[in-house]
Amino acid sequence: MHRPTPHPLALLVLASLTQAPAQAALYDVDPGPYTPATGGFAAWYQDTHGRVLDLCLTKAVSSRVAGAPGAPSYMCVLNPAPGVFDDTQPIAFPDNYPDETFWFTADAAIVDAARGIDLSYGTAIEAAFAAEDVHDGDQVSFARVRIRVDVPTAGTYIVTHPYGVEVFDVPAGGRRAINMTRDIGIGSPKTYTGALKGDVGPFLRGVGGPYTERNPETGVSERFIGDPNLNEAVTGSPFNTNFVRIEGPNGLDLRTTLFSISGKLSETVRPTPVIAQRSTYSRHEEDGVLHAQQDVFVQAPPPPGTATLISQTPTLSLTEANGTGAWYGQSALNPTLPVNLQVTADNQLAIASNTPTTLTLPLTDLVVIQRAEYSLSSGELTVVASTSDETSATDLTATTGNGVPISDLSGDGAVKSFTTRHTPIPPATVTVSSTKGGSDSEEVELVP
């Protein structure tokens, strides 16, 4: 059961790492109003690839996998709950409504009896009730990643999955020696934006999909990104890790590429997602000639979607290389620079009802902190940073992580620095900002 966990378990974990760089996961959620038709929950979530999934409440059944008698092979995860939800009766909130429903689920398993490994992996965007009982005003949603593994021996185990990498230090083998549940997004009732900040997204999709099935109650054809009744290869991982893999002691290395996926494609028309990640320039002089160049990074739907810079001179085309939706581009050398760039993203997917989106990106210099050290013996803070604008007058200023001014940086050329006493305690982080709009933040290293 996919229940919210008040205190998510991460038993026997030395470190749990999410693979860098952090992905843009989900993009948007239905702002409301929230109606009884969806149990008072948000009607849909949209991921950064543009796909919009409705809360999966249809009783359409799989035409590929026959269910057991009395257990239909629903395309949605609709778990009967005695006294709460009878799936043989019409869904009606709150009298006959599931205590947990889903916008998206993805599950996988690795079982190797000879090696003593039994792994279950589950991820979801889930709708539930804070006190578990179906009650209006108690609705919550969250993004879940759950990993449970029986392992034979103590040691360090690494689990790679579509949404990251987790490292576990296990002091003793046994049943569920690895037991991690990470729920992100549970907030005040009927507040559904928290799941946007979770680890889950973009939505994984079965490679055989989308699948079309008929809703038996309405007769309408509906489309799904996967069939939870079968196991198949998937696509959609932001890291191109469309598998679950476990590595561990004694050369353990097992993986699966098979998942069961649920998610109902929405007919809701949404703007194409586009997220600005970086739009910076560099400028330098060579043999008396001024050169300038632009670098642009955005997150947008991968091909057949497009991300195009418009009204741009010199020409700067964007490229997406690996199907994750990470677009980038670099202009030719040129002595002039625009103030802003404009990028237009268009999904161009028949299964995602998106309209084109145009985003204006301010062009800034690239600031890089090369050194941020605090001497415990002298009480002095030293910061060294550079700007990508090597030719124009560019001032750099350092502040603490919470915005308290520290000092201006000085020096000729692109690299500037300062050393100053900073008492009584060092800042945990410093931010260096440029008058050309760029900034960088780094943790302060403590030295003797």
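Since the model is a prediction, treat every value here as computed from it, not as a measurement.

Conventions we followed
Residues numbered from 1 in each chain as written. Predicted model: local features only at pLDDT ≥ 70, side-chain atom pairs only at ≥ 80, totals over all residues. Heavy atoms only, no water. Salt bridge = Lys/Arg side-chain N within 4 Å of Asp/Glu carboxyl O. Buried < 20%, exposed > 50% of the residue type's maximum accessible area, 1.4 Å probe, protein only. Domains from an automatic or database assignment. Contact = heavy atoms within 4.5 Å. Buried area = accessible area lost by both parts, 1.4 Å probe. Pairing = 2+ DSSP bridges. Helix = DSSP H or I, 4+ residues; strand = E, 2+ residues; numbered from the N terminus. Axes fitted to C-alpha atoms, helices over the stretch in contact; angles between N-to-C directions. Polar contact = N/O pair within 3.5 Å; in protein donor to acceptor, adjacent residues only side chain to side chain. Disulfide = S-S within 2.5 Å.

1. Observations concerning the pattern of salt bridges
Line of reasoning, step 1. All told, the structure shown has 14 salt bridges when counted by the stated rule.
Line of reasoning, step 2. The residue Glu373 makes a salt bridge to Arg371 at a minimum N-O spacing of 3.0 Å.
Line of reasoning, step 3. Judged by relative accessible area, which is 38%, Arg371 ranks as partly exposed.
Line of reasoning, step 4. Ionic contacts of the salt-bridge type, sharing partners, join the residues Arg64, Glu213 and Asp227 into one network.

2. Here's the deal with the domain arrangement of the chain
Line of reasoning, step 1. The domains assigned to the chain are domain 1 (26-268), domain 2 (271-365) and domain 3 (367-446).
Line of reasoning, step 2. The C-alpha-based centres of domain 2 and domain 3 are spaced at 29 Å.
Line of reasoning, step 3. Taken together, the contacts link 9 residues of domain 2 with 12 residues of domain 3.
Line of reasoning, step 4. Taking both sides of the interface into account, the surface hidden between domain 2 and domain 3 amounts to around 710 Å²; carbon and sulfur atoms contribute 42%.
Line of reasoning, step 5. Its largest share of buried area at the contact with domain 3, domain 2 owes to Tyr281, Arg283 and Asp365, together 71% of the area lost on that side.

3. Remarks on the sheet that holds strand S31 (residues 396-400)
Line of reasoning, step 1. Spatial strand order, S32-S31-S34-S35: 4 strands in an open sheet with antiparallel pairing. Edge positions in the sheet fall to strand S32 (405-409) and strand S35 (439-443), since each has one partner strand and no second. Here the strands of the sheet are splayed against their neighbours by 20 degrees on average, with no regard to which way each runs.
Line of reasoning, step 2. Where S31 lies against strand S34 (residues 429-434), 5 bridges are found, and the strand directions are antiparallel. Bridge pairing in S34 places Ala398 opposite Val432.

4. Focus: the environment of Glu373
Line of reasoning, step 1. Along the chain, Glu373 falls in strand S29 (residues 367-375).
Line of reasoning, step 2. It is 4.7 Å that separates the C-alpha atoms of Glu373 and Glu445, two residues lying 72 residues apart in sequence.
Line of reasoning, step 3. Ignoring any residue separated from it by four or fewer positions in sequence, one finds Glu373 in contact with Glu380, Leu381, Thr382, Val444, Glu445 and Val447.
Line of reasoning, step 4. At 3.0 Å, the side chain of Glu373 and the side chain of Arg371 are in polar contact.

5. Some details on the state of the cysteines
A covalent bond between the sulfur atoms of two cysteines is what we call a disulfide.
Line of reasoning, step 1. Evaluation of the coordinates by the stated rule reveals 1 disulfide.
Line of reasoning, step 2. In this model Cys56 forms its disulfide with Cys76; the gap between the sulfur atoms is 2.0 Å. Around the S-S axis, the bridge from Cys56 to Cys76 shows a dihedral of about -70 degrees and counts as left-handed. Of this pair, Cys56 sits in the loop between strand S4 (52-54) and strand S5 (100-112) while Cys76 sits in the loop between S4 and S5, and the two are 20 residues apart along the sequence.
Line of reasoning, step 3. In this structure Cys56 comes out as buried when scored by relative accessible area, which is 2%.

6. A short note on the pairing of strand S3 (residues 44-47)
Line of reasoning, step 1. The alternating pattern of S3 places Trp44 and Gln46 on one face and Tyr45 and Asp47 on the opposite face, and all of these are buried.
Line of reasoning, step 2. By the bridge criterion, 3 bridges tie strand S2 (residues 26-29) to S3 in an arrangement that is antiparallel. Bridging across to S3, Val29 finds its partner in Tyr45.
Line of reasoning, step 3. Bridge analysis of S3 against S4 gives 3 bridges, and the strand direction is antiparallel. Paired with Tyr45 across the two strands is Leu53, which belongs to S4.
Line of reasoning, step 4. Between S3 and S4, which pair antiparallel one after the other, the connecting turn spans 4 residues, and Gly50 there sits at a positive phi close to 95 degrees.

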